[in-house]
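Understanding the architecture of this molecule
The residues making up each chain are set out below.
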Amino acid sequence: MGSAFGRFCMQFFCCCCVTDEEDDDEKEPDPLEFFNREVQKRRDEETNLWSTPGDPSHSERDDDRTLYTLIQARNKTRMGSTGYRRLSVDIEAMRDTRREVRDKWKTILENLGFMAEADSLLNVSAGASQDRMRDAAAARAMLNLLHTETSIFNSSKNPPPERYLFILDRLIYLDIAEDFVAKAKRFYPPKDSDDSDEDPMGLGINLPLLLARVEAMNGVPDDDDDDDEEKSKNT
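Residues numbered from 1 in each chain as written. Predicted model: local features only at pLDDT ≥ 70, side-chain atom pairs only at ≥ 80, totals over all residues. Heavy atoms only, no water.

1. What about the overall build of the chain?
Assigned secondary structure in the chain consists of 11 helices and zero strands. Each helix (α) and strand (β) of the chain, taken in turn from the N terminus, gives the series α-α-α-α-α-α-α-α-α-α-α. Counting the 235 residues in the chain, one finds 35% classified as buried. Restricting the contact set of the chain to residue pairs at least 6 apart, pairs at least 24 apart contribute 71%. Summed over all atoms, the accessible surface of the chain reaches about 14600 Å², with 52% contributed by carbon and sulfur. (Helix = DSSP H or I, 4+ residues; strand = E, 2+ residues; numbered from the N terminus. Buried < 20%, exposed > 50% of the residue type's maximum accessible area, 1.4 Å probe, protein only. Contact = heavy atoms within 4.5 Å. Areas by Shrake-Rupley, 256 points an atom, 1.4 Å probe, with all protein chains shown as cover.)

In structure tokens, the structure reads:
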């Protein structure tokens, strides 16, 4: 009786173990797929420098929403077509503007002696959250100060990119935030009001015009396609 019960328990628990292992195998994520997804996220962040990196929809800010709309429109456009090239120019214009701001921050950090650490300090991942900041209030105050009393951002009319809030929090932790602000005031003093009026959107490009162009392109056939159809009719 005891031996029979023992065999039953052994068979039962072994079956359970096999089932559990199979379930674990089914639930366990593919490490390669996870790695590729994380690499793509990092590449996307480094390329687009989202103003609000914690917003996966890229819709909370007008500039993020415009850039994301342009990218999505280009993904649906035939590569090499006139529309594709036009969208690429607009996308790169927005990216260049964001890289210009980042380069200003990098210049100051390097001037403060952080040549090797500048890129790491300026990297903000999509998982950044204000809940994990050490001193969000002080970082916000410094961000507003840089926004109004320097030209480190491209415009003082629109809110500064939220990504730099997290960077300032790091600088506060390193006890170099005040030195950074002082350098920013010296390197990038406020622009004259006449100069700032030249760029009403603060991005070097007209966001409403870009969005209108994308909407128009979505409803109008591509120019190259029209040319191909016209050529086929004439032959």
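2. Looking at the packing of helix 6 (residues 136–149) against helix 7 (residues 163–173)
Axis separation between helix 6 and helix 7 bottoms out at 8 Å; the angle between their running directions is 115 degrees. The crossing of helix 6 and helix 7 is right-handed. Together, A136, A138, A139, R140, M142, L143 and L146 of helix 6 and Y164, L165, L168, D169 and I172 of helix 7 make up the contact between the two elements. (Axes fitted to C-alpha atoms, helices over the stretch in contact; angles between N-to-C directions. Left-handed = near helix turned anticlockwise from the far one by under 90°.)

3. Observations regarding helix 4 (residues 82–111)
Over its 30 residues, helix 4 extends 43 Å from the first C-alpha to the last, a length consistent with the 44 Å expected when each residue adds 1.5 Å. Note on helix 4: the residue one or two positions beyond its end, G113, has a positive phi of about 100 degrees. (Expected span 1.5 Å × (residues − 1).)

4. Some remarks on unusual backbone geometry
The backbone of L49 sits at a positive phi, close to 45 degrees, despite the residue not being glycine. In this structure, H58 is a non-glycine residue whose phi angle is positive, near 55 degrees. As for its placement among the helices and strands, H58 is situated in the loop between helix 2 (31–48) and helix 3 (62–75). A relative accessible area of 9% means that H58 is categorised as buried.

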